[in-house]
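A look at the structure
The residues making up each chain are set out below.
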Amino acid sequence: MYTKETTQKLQQQTNGFLKQLKEGNIDLAAIELLRDVLRFHEYRYYVLNDPLIADYEYDSLYKALEKIESANPKSITPDSPTQRVAKGLTKDFPTVQHLVPMLSLDNSYNSEDLQDFDRKARELTGLDMIEYCVEPKFDGGSISLVYENDMLVRGATRGDGVEGDDVTPNVKQIKSVPLSAKFSDYGLQQVEIRGEVLINKKNFEKYNAQLIEEGIPPLANPRNAAAGTLRIKDPQEAAKRNLEAFVYHVSFYTLSKGKKIPDALNNHAASLELLWNLGFRSPQKEKKLFKGIEGVIQYCNQFEITRDDLPYEIDGMVIKVNDFALQDKMGMTSHHPRWAIAYKFKARQATTKLTGVDFQVGRTGAVTPVAKLEPVAVGGVTVSSISIHNEDYILEKDLHIGDRVLIERAGDVIPQIVKSLTELRTGKEKKIVFPKTCPVCSSILVKEAEEAVWRCSNMECPAQVVERIIHFVSKDAMDIRGFGDANVRKFYELGLLKDIPGIYTLNFENIGQLEGFGEKSIEKLKQAIENSKQQPLHRLIYALGIRFVGETTAKTLAQAISHLLELQKFSQEELQNLEDVGPKVGGSIYHFFSNKKNIDLLLQLEKLGLNFNNEKKQLSTVGNLAGQTFLFTGTLPTLKRSQAEAMVEANGGQIVSGVSAKLNYLVVGEDAGSKLDKAKKLNTIKIISETEFLQMIK
Ligand code: IVH
């Protein structure tokens, strides 16, 4: 798509634009070049998975484009990178007819099936040997894309194959789908292509974790997540899920006047290359050509072994007769083309019996039901229990003890129950009764309004205490190696450890008497505990396990203070002034620091020698902004809030959390709200723009 030369040119251009942004603004005259630069970086990131600039650099260029466009609305083009995400809700998805029916594929499951397919193909074509193109079978939601005069005009779901839903607003925000592509270079006027929309495994896990946190039932697999996202009514929400798309088939085209069919549309491999060259993510690198079926079989087997190494799910391979003239000769049934077949990998679904339910109590007191299953092998691992998340999930999936259930393990993703096979019920199945009291400490369970999760109300509940300690020592928190879940549980049960401060006063003589603890391992554990006292402040904040405070929020909080106990003084409003802290997160932090028991715990930890200081913050007393306090409000034209705040600190300034007499500078962006009003009233605060701010640190 981009030659080495163009790549270098665009990269130079990028650096030029970034420099211009530091000094001022980008000119309207450069708008199309700026768009090309952004398209290029989208391509590097989303198609090649090989970015050349940092996210914040991309963001600042994107914001600069938004700024020029909002000042010059007439300059906006439908394929501008800013036009991907529509504002407002989609009312409904109109039904549209595909230009060509979207047929399905016939399936094969073993080498005999493939040999059979090859034999029939040879019979139908009258040839001795056929050339096949083999590529992955992507496991997502199918889409068709229509381009007219190089512009994306429609994206639709498969529907019943003849008609689908027009989901263009959601398709447009998939960054690996170009909003425009130079089909005209090949003499093509209207083109319909088919592909698959996916969500990669990492983003799927992230999305499910977020659903669980919010008490919403998670989705069974990335396929459902991708297909569901295509039909979501809020394109901005759809954009957050980071869909990806592969395209693998040109299903229809018309030629521009006087143009001939391009060579690239003589065979399948060349058509994948054409799509790749136009900036699409086609299986250009994954596809392979074989003369005869034997190589095909080997390639399929090879791919099956390494399928877990891919960042997205595939459920098999697709084998296509390469030559389009032969494809035409072979034709199709009403259901599938005769020139292609899917080779399905071994199922990662299995059915088994749900034999009971355990209720586990987590660190925040959340009671999670876990289904006990008759052990069953799915995709190479034996599964004997699966989380069934919460009461609503049980009701929605209509799960009963004694049911046969269909389970699925999507790649290395945690297994999920897809459904209960209700038609196989005998009448002996029992309802799952959710307990009213904590299964560990018998305290009353409570459920907050609009929450799906029941929680144990007793902070001292042994299950919660143990889980809090496990979280505290875990790798992403205080990273105390050699502790591990099992040791925490063992020490707790034996009375050697009863709370978090207890980690730092462990009696190693007693531990030395336990089986499996030699001098060496004790020494290591001692050292790891000692070292943890010096962990940076954000790790300690994360380790405290405050609800909704993940690693990012912990970093934001650490940035805002120079000593942990300063958080006691923050009002809810001040907390919400911090980046990405909304009422829910702010409320939880406030609640934590208002609780005397928590403060006592913190005082104990401080006494034990844990690092409570944000050293970086204390060091930064030299620089252009030394001694000055800053606050940002509204959307800044080029900088991200966190970037700007880091710049203040790097230059010796300090970020404060709210508008007060202590504030020297309020830097205002677009849509600044109450903070600006308040600052104006106070009269002592200098209100400046981002450009003025950048001038100050120049
Ligand atoms: S070719 C007429 N190629 O699998 C052409 N399909 O189970 C038919 N799929 O409906 C499609 N990866 O949604 C083709 N590389 C690939 C594919 C693929 C996934 C989907 C497609 C199809 C389904 C059949």
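The text that follows walks through the structure, step by step, so that each part is easy to find. Keep in mind that what you see is a predicted model, and the values were worked out from it rather than measured.

Concerning the overall build of the protein chain
In terms of helices and strands, the protein chain carries 25 helices and 24 strands. Judged by the C-alpha coordinates and their principal axes, the protein chain covers about 85 × 70 × 50 Å. Relative to its full complement of 698 residues, the protein chain shows a buried share of 51%. Pairs at least 24 apart in sequence give 69% of the contacts found in the protein chain among residues at least 6 apart. Carbon together with sulfur atoms contributes 50% to the accessible area of the protein chain, which is approximately 33,800 Å² in total. One way to put it: in the protein chain the 89 positive side-chain charges average out to a point 2 Å from where the 92 negative ones average out.

Focus: the packing of helix α1 (residues 4-23) against helix α3 (residues 55-71)
Across the interface, α1 lies against α3 with an axial gap of 10 Å and an inter-helix angle of 70°. With respect to α3, the element α1 is oriented roughly perpendicular. Between α1 and α3, the residues in contact are Thr14, Phe17, Leu18 and Leu21 and Glu57, Ser60, Leu61 and Ala64, respectively. Within the contact of α1 with α3, the residues separate by chemical class into five nonpolar, two polar and one charged.

Looking at the sheet that holds strand β24 (residues 686-688)
Strand order in the open sheet formed by four strands is β22-β21-β23-β24, and the pairing between neighbours is parallel. Each edge of the sheet is formed by a strand with only one pairing partner; in this case those strands are β22 (654-655) and β24. In terms of strand pairing, strand β23 (residues 665-668) meets β24 through three bridges, oriented parallel. By the bridge assignment for β24, leucine 666 is matched with isoleucine 687. The strands touched by helix α23 (residues 641-650) are β21 (629-633) and β22; relative to β21, the strand with the most contacts, the crossing angle is about 170°.

A short note on the site of the ligand
Every one of the 16 residues lining the ligand counts as a neighbour, but Glu135, Phe138, Ser142, Glu196 and Lys320 are closest to it. Take lysine 137: an N or O atom from its side chain is 3.1 Å from an oxygen atom of the ligand. For the ligand, an oxygen atom lies 3.0 Å from a polar atom in the side chain of glutamate 196. Relative to its free-state accessible area of 530 Å², the ligand is covered by the protein chains to the extent of 92%. The element that contributes the greatest number of residues to the shell around the ligand is strand β3 (residues 131-138), accounting for four residues. Each residue belonging to the shell around the ligand can be placed in one class, and the counts come to eight nonpolar, three polar and five charged.

Concerning the nonpolar core
Ranked by internal contacts, the top residues of the largest apolar core, which has 55 residues, are Phe472, Ile480, Phe483, Ile503, Leu564 and Leu602. Contributing elements (two or more residues each) for this core: α13 (462-473), α14 (484-493), α15 (508-512), α16 (519-532), α17 (537-543), α18 (551-560), α20 (583-594) and α21 (596-607). Looking at which element gives the most residues to this core, the answer is α13, with six residues. Not counting residues up to four positions away in its chain, the partners in contact with phenylalanine 483 are Val473, Val488, Phe491, Leu497, Ile503, Leu506, Leu525 and Ile529. In this structure, Val171, Phe204, Phe280 and Phe324 belong to the second largest nonpolar core, which totals 34 residues.

Structural notes on helix α9 (residues 268-277)
Each turn of an α-helix holds 3.6 residues, which means side chains three or four residues apart point in the same direction. α9 sits mainly inside the fold: eight of its ten residues count as buried. Those residues of α9 not exposed but buried are His268, Ala269, Ala270, Ser271, Leu272, Leu274, Leu275 and Trp276. With a side-chain oxygen lying 3.2 Å from the backbone nitrogen of alanine 269, the N-terminal cap of α9 falls on asparagine 267. One or two residues past the end of α9 sits glycine 279, with phi positive at roughly 100°.

About the cut-offs
Residues numbered from 1 in each chain as written. Predicted model: local features only at pLDDT ≥ 70, side-chain atom pairs only at ≥ 80, totals over all residues. Heavy atoms only, no water. Helix = DSSP H or I, 4+ residues; strand = E, 2+ residues; numbered from the N terminus. Buried < 20%, exposed > 50% of the residue type's maximum accessible area, 1.4 Å probe, protein only. Contact = heavy atoms within 4.5 Å. Areas by Shrake-Rupley, 256 points an atom, 1.4 Å probe, with all protein chains shown as cover. Lys, Arg positive; Asp, Glu negative; His and termini not counted. Charge placed at Lys NZ, Arg CZ, Asp CG, Glu CD. Axes fitted to C-alpha atoms, helices over the stretch in contact; angles between N-to-C directions. Parallel < 35°, antiparallel > 145°, perpendicular 65-115°, else oblique. Nonpolar A, V, L, I, M, F, W, Y, C, P; charged D, E, K, R; others polar. Pairing = 2+ DSSP bridges. Near = heavy atom within 4 Å. Polar contact = N/O pair within 3.5 Å; in protein donor to acceptor, adjacent residues only side chain to side chain. Core = buried A, V, L, I, M, F, W, Y, C linked by side-chain atoms within 4.5 Å.

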